[in-house]
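Each chain, written out:
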Amino acid sequence: MPVLHPALPLRALSLSIFALALSAGAQAGGLDLPTITAAHQGTANANGAEASDPSVIYYNPAGLARMKGGLQISQGFSALFLRGKAEANVAETRHGAGTDQTSGQGDSVADDNPGPAGSFWPKVLGAGGAFVSLPINDTITAGIGVFAPGGGNLNYKSDWAGKYQIDSIAIELININPSIGIRFDDMHSVGFGVSVIGGHIRQKSAIDVPGVVPYLLRGAIESGTLDVLTLDPTGGVLQTVFDTACNGALSGIGPVSSLCGTVLDTLGGQLAASDASGSAQVEMYGYGLGYNLGYMFAPTDRTRFGIAYRSESKVKLRGDIEWDLSNIRGSALTNLLIDTPLVSGQNLEDYLRENLRPDTTAKSDLIIPARTSVNVFHQLTDKIDILADFTFIETSAVDKIRVQFLDQTDPNGNPIKQGDAGIDTKWRDSFKVSVGGNYHWDDQLTLRSGFQFDKTPIPSAEFRHPGAPDSDRFMYAIGANYKVNRKLSIDAAYSVTFLEDSLSNYTERCRTLTRDDENGNYDPDGESCTANGGKYQGRFFDTSIQVLSLQLNQKF
């Protein structure tokens, strides 16, 4: 049997890990993954101060100074098995702004005969990472890590009750993190690194056609691009009266304005066919920068303390929004309301696309919150190590998520403003607490176990959007390290994370064109926006993430 050069399989595996890092995703801890590598997963992420292999770059770059003896490479793969159920309160879930923007958040989705949500996570996802350390001299050790710092992937069934809030979303991140560790003596070391983070987001949701069309019609009339009384037997007198009352001198009078609104809403509600439907998809790519710092103190050979900081990173994303209007068809009344577009051969889809909902450029900033970790490693006996970690995460920086849509122009050169879209998160700061232990069975085998509690940043059901159904998490983990020889060891780990059952009572403040005020009251002068409005009420339950991981550690 031929012997392969060790660099050949290593190089091939590294390429596969790099690709897998791009596809990571599991919604936990806001955007956190349950694991970075198997060595840390086995203790439920409690061993940041252990510094047993180059993956310490993620937890504390000061640990690089402990990587002695030449080039070391650690690379791993994780398979995530996800399960989650959602149940909507159909009677209380609203599909949009409704036919009167001042009256509430639309009608119940019960008339849509929604199907079940299905399992809202993909069944299996892959993640991975690779880490390298290389001593430069007795004092300085350089390293680099390529890993997925977080992500999210939700995929509901397209006909479920919450489709107007979310159909599917995928968030994929990769971090390239060159770092350096400096050892002052046997007790003190520091480390620092920089992060280049690449990101990709793809999100899709349904369009509430019955709720949207009245306001699109209103905007077209008020901008002068559409006459409302096309068939006017009075030779234009009725049109003049309508324009004067609704767009002219009388439009500021309360009762007149209310009557005009009722007329527009009634006409608009009949504009589209009753079974008309559509969707919108946003896809964006971008990058961001950050840094990480660390300090490690070893008062004895058996004890180490570590403190580390990973900065906030803002991933600047840019892409497109694509409107799928192919199933938006006009009703019999459309011929009476839209004359010129139909004469020129247009249909309702073409009219909406050219005048009101064109595809356009989308921009957003994805914030990866800063975090500070304090950890400890203590060799209790020759057989037993105890480990602990506390990580504070500044998730309050994610106060809201906004996607900006750039203005376009209609065929006559008039601006088409679509406003921004997004969700109000109001996240609070969160934290993780991990405890774990190692048991050295013999010189070759080390057994690991650990527990982690992860506090959700979501403050209440009112801010639990079905696109981010996070809750408090409890992680139980076991693992093992086996030394094949002096140059090669293998880590394996299994963990299960349970998410607490949780409720959602999320109301979308953006009602098609205008955002409500902070109290949820309709604000006619509010900022422009693009969304369905509406409300989701329901619960998420039986949610868990099981992870199987393998890690290869090599020394050269």
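This one's a predicted model, so the numbers in the text were calculated from it and none came from an experiment.

A. Quick peek at the overall build of the protein chain. A tally of helices and strands in the protein chain yields nine helices and 24 strands. Taken across its 556 residues, the protein chain has 52% of its residues classed as buried. Of all intrachain contacts in the protein chain linking residues separated by at least 6 positions in sequence, the fraction that spans at least 24 positions is 75%.

B. Representation of the pairing of strand β1 (residues 72–88) within the structure. In terms of strand pairing, β1 meets strand β2 (residues 124–135) through ten bridges, oriented antiparallel. When the bridges of β2 are listed, L80 appears paired with L125. With 16 bridges joining them, β1 and strand β24 (residues 535–555) adopt antiparallel strand pairing. Within the sheet, the bridge partner assigned to A86 lies in β24 and is F540.

C. Inspection of the packing of aromatic side chains at higher detail. One pass over the full model with this rule turns up 13 aromatic pairs. For the ring pair Y439 and W441, a centre distance of 6.2 Å and an interplane angle of 75° mean the geometry is edge-to-face. Note on F453 and F474: the rings are 5.3 Å apart at their centroids and 50° apart in plane angle, and the pair reads as tilted. Pair noted here: F453 is in strand β18 (residues 445–454) and F474 is in strand β19 (residues 473–485), with a separation of 21 residues, a long-range link. Overall, F474 belongs to the partly exposed group, its relative accessible area being 24%. Taken together through their ring pairs, the aromatic side chains of Y58, Y59, F131 and F147 make up a single cluster. For the cation-ring pair, R539 lies above F541, with the distance from its terminal atom to the ring centre recorded as 3.9 Å.

D. Focus on helix α9 (residues 348–355). Among the residues of α9, those classed as buried are L348, E349, Y351, L352 and N355. For α9, the angular spread of the buried residues around the axis is 165°, confining them to a single face.

E. Broad picture of the state of the cysteines. Per the stated rule, a full pass over the model turns up one disulfide. Between C510 and C529 runs a disulfide, and the two sulfur atoms are separated by 2.1 Å. Handedness of the C510-C529 disulfide follows from its S-S torsion of about 100°: it is right-handed. On the criterion of sequence distance, the pair formed by C510 in strand β22 (residues 510–511) and C529 in the loop between β23 (514–515) and β24 is long-range, its members being 19 residues apart.

F. Geometry of a nonpolar patch on the surface. On the surface, L380, I384, I386, Y439, W441 and L447 cluster together into a nonpolar patch covering about 540 Å² of accessible area. Mapped onto the fold, I386 is located in strand β12 (residues 384–393).

G. Structural context of the pattern of salt bridges. If you walk through the whole model with that rule in mind, you get 15 salt bridges. When the shortest N-O distance is used, the salt bridge between R448 and D491 registers 3.5 Å. Note that R448 is positioned in strand β18 and D491 in strand β20 (residues 488–499), a separation of 43 residues in sequence. Just as R448 is buried, D491 falls in that class too.

H. Seen up close, unusual backbone geometry. For A51, which is not glycine, the phi torsion reads 55° and is therefore positive. Considering the arrangement of structural elements, one finds A51 in the loop between α2 (38–41) and α3 (56–59). Taking relative accessible area as the criterion, A51 reaches 9% and is therefore assigned buried. Of note, the phi angle at D542 is positive, near 50°, even though the residue is not glycine. Inspection of the secondary structure assignment puts D542 in strand β24.

I. Structural context of the side chain of S279. Within the secondary structure, S279 sits in strand β7 (residues 278–300). Accessibility expressed as a relative area gives 12% for S279, which makes it buried. Residues in contact with S279, not counting those within four places in the same chain, are K204, S205, A206, I207, E322, W323 and D324.

J. The arrangement of the side chain of S205 in detail. For S205, the position within the fold is in strand β6 (residues 188–207). Residue class for S205 comes out buried when judged on its relative accessible area of 14%. Not counting chain neighbours up to four residues away, the residues in contact with S205 comprise K163, Y164, Q165, I166, D167, S279 and A280.

K. Highlighting a positive patch on the surface. On the surface, K483, R486, K487 and K555 cluster together into a patch of positive charge. Here R486 shows up in the loop between β19 and β20. The exposed category is assigned to R486, whose relative accessible area is 72%.

L. Seen up close, the pairing of strand β3 (residues 140–147). In the sheet, β2 pairs with β3 via seven bridges, with the strands oriented antiparallel. Bridge assignment links A130 to a residue of β3, and that residue is V146. Hairpin connection from β2 to β3: four residues lie between these consecutive antiparallel strands. The pairing of β3 with strand β5 (residues 168–183) spans eight bridges and is classified as antiparallel. Residue pairing for β5: A142 is matched across the bridge by I180.

M. Looking closely at the environment of Q554. Among the structural elements, Q554 can be located in strand β24. Distance in space between the C-alpha atoms of Q554 and L488 is 4.8 Å, their sequence separation being 66 residues.

N. Representation of the environment of G191 in the model. Among the secondary structure elements, G191 is positioned in strand β6. Once the C-alpha coordinates of G191 and M296 are considered, the two residues, 105 residues apart in sequence, prove to be 8.6 Å apart. Setting aside residues up to four positions removed in sequence, G191 forms contacts with P61, A62, I180, G181, N292, L293 and G294.

O. Up close: the confidence of the model for the protein chain. Summing up the model confidence of the protein chain, the mean pLDDT is 80 and the portion of residues at 70 or higher is 77%. Counted against residues more than four places away or in other chains, residues 1–30, with its pLDDT under 50, gives 61 contacts. In this model residues 339–344 is a low-confidence stretch, pLDDT under 50, and it forms six contacts with partners more than four residues away in sequence or in other chains.

P. Main features of the environment of D208. Here D208 is to be found in the loop between β6 and α4 (209–222). The class of D208 is buried, set by a relative accessible area of 0%.

Rules and cut-offs
Residues numbered from 1 in each chain as written. Predicted model: local features only at pLDDT ≥ 70, side-chain atom pairs only at ≥ 80, totals over all residues. Heavy atoms only, no water. Helix = DSSP H or I, 4+ residues; strand = E, 2+ residues; numbered from the N terminus. Buried < 20%, exposed > 50% of the residue type's maximum accessible area, 1.4 Å probe, protein only. Contact = heavy atoms within 4.5 Å. Pairing = 2+ DSSP bridges. Phe/Tyr/Trp six-rings, centres within 6.5 Å; stacked < 30°, edge-to-face > 60°. Lys NZ or Arg CZ within 6 Å of the ring centre and 35° of its normal. Arc of directions from axis to C-beta. Disulfide = S-S within 2.5 Å. Patch = residues over 30% accessible without salt bridge, like charges linked within 9 Å, V, L, I, M, F, W, Y side chains within 5 Å. Areas by Shrake-Rupley, 256 points an atom, 1.4 Å probe, with all protein chains shown as cover. Salt bridge = Lys/Arg side-chain N within 4 Å of Asp/Glu carboxyl O. Lys, Arg positive; Asp, Glu negative; His and termini not counted. Charge placed at Lys NZ, Arg CZ, Asp CG, Glu CD. pLDDT = per-residue confidence, 0-100.

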